[in-house]
Amino acid sequence: MKKTNSSKKTTAIRDRYAAYRDLRRSEKERPEKMLPTAKKLFRLLKGNEIAIIITVLCAAGGSLLTILGPKYLGDIITVLDIQVKNKLATGAMDFTPIYDILKTILFIYIGSSVLGFLQHYIIAGVVQKLITNIRYTFNRKLSKLPLAYFDSHNTGDILSRVTNDIDNINNTLQNNLIQIITSVVTFIGVFVIMMKTSVSLSITSLSPFPVCFVIAMVILRFSKKYFRKQWKETGDINGHIEEMFTGHRIVKAFGCEQKAIDEFDELNEKLYQSGRKAQFLSGILSPLINFANNAGYVIICVIGGYLIINKEADVGDITAFMAYSKLLMQPITDLSNIANTLQSSLASAERVFDLMDAPDEVEDGVKQAYLESGGDVEFRNVSFSYLPEKPLIEDFNLKVKKGDLVAIVGPTGAGKTTIVNLLMRFYEIKGGDILIDGTSIRDITRENLRSIFGMVLQDTWLFEGTLKENILYGREDASEEEFENAVKAARIDSFVRTLPEGFDTVLEEGGSNLSAGQRQLITIARAILASPDILILDEATSSVDTRTEIQIQKATYNLMQGRTNFVIAHRLSTIRDADTIIVMREGHIVETGNHRELLEKDGFYAELYNSQFAN
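First things first, this report covers the structure right here in the doc. (Residues numbered from 1 in each chain as written. Predicted model: local features only at pLDDT ≥ 70, side-chain atom pairs only at ≥ 80, totals over all residues. Heavy atoms only, no water.)

A word on the overall build of the chain
Helix and strand content of the chain: 22 helices and 12 strands. Relative to all contacts within the chain whose residues are 6 or more apart in sequence, the contacts with residues 24 or more apart total 79%. A total accessible area of about 32,400 Å² is found for the chain, and carbon and sulfur atoms account for 57% of it. (Helix = DSSP H or I, 4+ residues; strand = E, 2+ residues; numbered from the N terminus. Contact = heavy atoms within 4.5 Å. Areas by Shrake-Rupley, 256 points an atom, 1.4 Å probe, with all protein chains shown as cover.)

The following block contains the structure:
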């Protein structure tokens, strides 16, 4: 089965970075600590201290009011017991004390509800601000990452981090942050009151928990590993879906639907297994805590009943103590349930911080030159390798004068795009220097450097919007006259007239409602409008018909006039007039010269050229 040039290029890039991917994967599989991730996450709350303090005070106040409730309920039972005895003795009952206690209880629960509303309102703003800042930082980080990161990471996995993982953090903080604060405050407050009521009963009620705590720590230790795997495999399955969706035509064209389904099923099964284990292990905590809760409650009932019978305690006190026992267990139960989502959220946070901690592009130097324009390009003793142990370009020298045409040729996967990557500083050279008009590209900001380049790539990129907006992407401040001249030079005005809305026609994602040749002509118009000093062309006429190819070649010829041009050539017949031809093989530069000189050498270029014209 014959692959397209695009798929071959993708395969070559993936193979080139296989070792780097394996290194990154091994790093992810190392045991990681949840505590540092939690600290890093909560450090992002810096600047919200006042709001958090108010939230904690509201939570503390609300919890304390809730804690007082059972005490007054116990008082009511005690008062009722006294009044019933009075009724039997004197025939009269006084309900005034009961009404007073009921008013106090009403005030307690209304106050608790108001404080609960306030803390939820405040924390909602804090969490959403935090998540907004994470998304902002994440987006800024993506713009600073080197091209190597995107070459070595699955696009779907990156998208999963910015959507699924951040949403998971958001849901956990939004739903559980207040619960954690409330549970801790409630537990401390209730335990203090219980200890004041009866030290022996308090210690007895908590006796089953030390063993449960040890078991819970063991469970959490194992479950966090599966939560980490769950979110990693969520990224893998999203990557597969993204790849199959964008390439659905190729999948259908080659009849690989069943293969795609089988691959999805395999990834889905892995996600199911890790998710099932994570949820099962973390789900054990709740029944475990409930068992300890019920065991403690039964013990209190038995001992409390004994104390009442022997008149060593009032029925109201024991009733209140039993209510406090339930109240004490509630925050522990809540925290055990939250542990499930906390583990999941911290696993997501690890993945987000893993990307945020990835090395940025090498920063621009402090002292920077500024180029208004550029034309002369020189490679001076340039060395480069993607992997330290595998040299790629060694001691390469080349001088290009303004207006020259430099062609880069070689088989698919030979490394032709590497030259472009170095020129644009997508990758940093390891040795030597590249100069534009005598100025090192290291002394030019990337923004300034890339502003003097224009690119027309084999894979066209158009965004969803009008046709005119896509062309103006090259230079949004262009005048109407400049726009019309670019359109004419690119030879697209004729086919645009056939569109119902003309230049206001809305393109679908990727320009799928246009032909491949029409999309290519639009990218050429965009490059013409940008008016770059140095042009990089990746020929893309192999997938279009002969008539469209001629149109593209004429538009390309108009674009190249008066500029320094670097052409990645696939059809060698199109670069016979190139001033310099760079021949690459297996990632190395093997020959340089013009067409005639290289044919006379009868080397690899001559072999490539003759193979294209062999009968």
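Points about a positive patch on the surface
A cluster of basic residues, Lys 225, Lys 229, Lys 270, Arg 276 and Lys 277, forms a positive patch on the protein surface. Those elements that place two or more of their residues in the positive patch are helix 9 (209-246) and helix 11 (257-283). Counting residues per element, the positive patch draws most heavily on helix 11, which supplies 3 residues. Positionally, Lys 225 belongs in helix 9. (Patch = residues over 30% accessible without salt bridge, like charges linked within 9 Å, V, L, I, M, F, W, Y side chains within 5 Å. Salt bridge = Lys/Arg side-chain N within 4 Å of Asp/Glu carboxyl O. Lys, Arg positive; Asp, Glu negative; His and termini not counted. Charge placed at Lys NZ, Arg CZ, Asp CG, Glu CD.)

Observations regarding a nonpolar patch on the surface
Judged by side-chain polarity, Leu 106, Ile 110, Val 114, Phe 117, Leu 118 and Tyr 121 come together as a nonpolar surface patch covering roughly 650 Å² of accessible area. Here Val 114 shows up in helix 5 (residues 96-144).

Some details on the nonpolar core
In terms of nonpolar packing, the biggest core is built from 44 residues, with Val 409, Ile 471, Ile 492, Leu 559, Ile 575, Ile 581 and Tyr 605 touching the most fellow members. Looking at which element gives the most residues to this core, the answer is helix 19 (residues 516-530), with 7 residues. Once you skip the residues sitting within four places of it in the chain, Ile 575 turns out to touch Ala 407, Val 409, Val 567, Ala 569, Ile 581 and Tyr 605. (Core = buried A, V, L, I, M, F, W, Y, C linked by side-chain atoms within 4.5 Å. Buried < 20%, exposed > 50% of the residue type's maximum accessible area, 1.4 Å probe, protein only.)

Topic: the side chain of Asp 165
Considering the arrangement of structural elements, one finds Asp 165 in helix 7 (residues 155-197). Those residues in contact with Asp 165 that lie beyond four places of it in its chain are Ser 160, Trp 231, Ser 348, Arg 351 and Val 352.

Observations regarding the pattern of salt bridges
Counting across every chain of the model gives 13 salt bridges. Two residues, Arg 446 and Glu 428, come together in a salt bridge whose shortest N-O distance is 2.8 Å. On the criterion of sequence distance, the pair formed by Arg 446 in helix 15 (residues 446-451) and Glu 428 in the loop between helix 14 (416-423) and strand 4 (431-436) is long-range, its members being 18 residues apart. Because the salt bridges share partners, they merge into one network encompassing Arg 425, Glu 428 and Arg 446.

A few points about helix 7
The first and last C-alpha atoms of helix 7 sit 60 Å apart over 43 residues, in line with the 63 Å expected at 1.5 Å per residue. The largest bend in helix 7 amounts to roughly 40° and is located at Asn 176. (Expected span 1.5 Å × (residues − 1). Bend = angle between axes of the 7 residues up to and from the residue.)

Notes on the packing of aromatic side chains
Scanning the model with the defined rule gives 9 aromatic pairs in all. The interplanar angle of 70° and the centroid separation of 5.2 Å between the aromatic rings of Phe 483 and Phe 503 together place this pair among those described as edge-to-face. Remark: Phe 503 occurs in the loop between helix 18 (493-496) and strand 8 (506-507) and Phe 483 occurs in helix 17 (residues 480-489); sequence separation between them is 20 residues. Since its relative accessible area comes to 3%, Phe 483 is described here as buried. (Phe/Tyr/Trp six-rings, centres within 6.5 Å; stacked < 30°, edge-to-face > 60°.)

Let's talk about unusual backbone geometry
Of note, Asn 381 is a non-glycine position whose phi angle comes to about 50°, a positive value. Within the secondary structure, Asn 381 sits in strand 1 (residues 377-384).

Observations regarding a negative patch on the surface
Together, Asp 262, Glu 263, Asp 265, Glu 266 and Glu 269 make up a negatively charged patch on the protein surface. As for its position among the elements, Asp 265 is in helix 11.

Topic: the sheet that holds strand 9 (residues 534-538)
In space, the 6 strands of this open sheet follow the order 6-9-10-3-11-12, with mixed pairing throughout. The sheet is open, and its two edges are formed by strand 6 (453-456) and strand 12 (588-593), each paired on a single side. Taking the axes of each pair of neighbouring strands and ignoring which way they run, one obtains an average angle of 15° across the sheet. One ladder, built from 4 bridges, connects strand 3 (residues 405-409) with strand 10 (residues 564-568); its direction is parallel. Bridge pairing links Leu 405 to Asn 565 in strand 10. Across the sheet, helix 22 (residues 604-612) lies against strand 3, strand 11 (580-585) and strand 12, angled at about 90° from strand 11, the strand it touches most. (Pairing = 2+ DSSP bridges. Axes fitted to C-alpha atoms, helices over the stretch in contact; angles between N-to-C directions.)

A look at the sheet that holds strand 4
Sheet strands line up and pair through hydrogen bonds in the backbone, either parallel or antiparallel. With antiparallel pairing, the 4 strands of this open sheet are ordered in space as 2-1-4-5. The sheet terminates laterally at strand 2 (393-400) and strand 5 (439-440), the two strands that pair on one side only. As judged from the 5 bridges shared by strand 1 and strand 4, these two strands associate in the antiparallel manner. Among the inter-strand pairings, Arg 380 is bridged to a residue of strand 4, identified as Asp 433. Of the strands in this sheet, strand 1, strand 2 and strand 4 touch helix 14, which is tilted by about 110° from strand 1.

Concerning the packing of helix 5 against helix 7
For the pair helix 5 and helix 7, the least separation of the axes is 10 Å and the interaxial angle reads 155°. Between helix 5 and helix 7, the interaxial angle falls into the category roughly antiparallel. Remark: the crossing between helix 5 and helix 7 carries right-handed chirality. Of the residues in helix 7, those in contact with Gln 119, His 120, Ile 123, Ala 124, Val 127, Gln 128, Leu 130, Ile 131, Ile 134, Arg 135, Phe 138 and Leu 142 of helix 5 are Ile 158, Arg 161, Val 162, Ile 166, Asp 167, Ile 169, Asn 170, Leu 173, Gln 174, Leu 177, Ile 178 and Thr 182. Along the lines of polarity and charge, the residues of the contact of helix 5 with helix 7 split into 15 nonpolar, 6 polar and 3 charged. (Parallel < 35°, antiparallel > 145°, perpendicular 65-115°, else oblique. Left-handed = near helix turned anticlockwise from the far one by under 90°. Nonpolar A, V, L, I, M, F, W, Y, C, P; charged D, E, K, R; others polar.)

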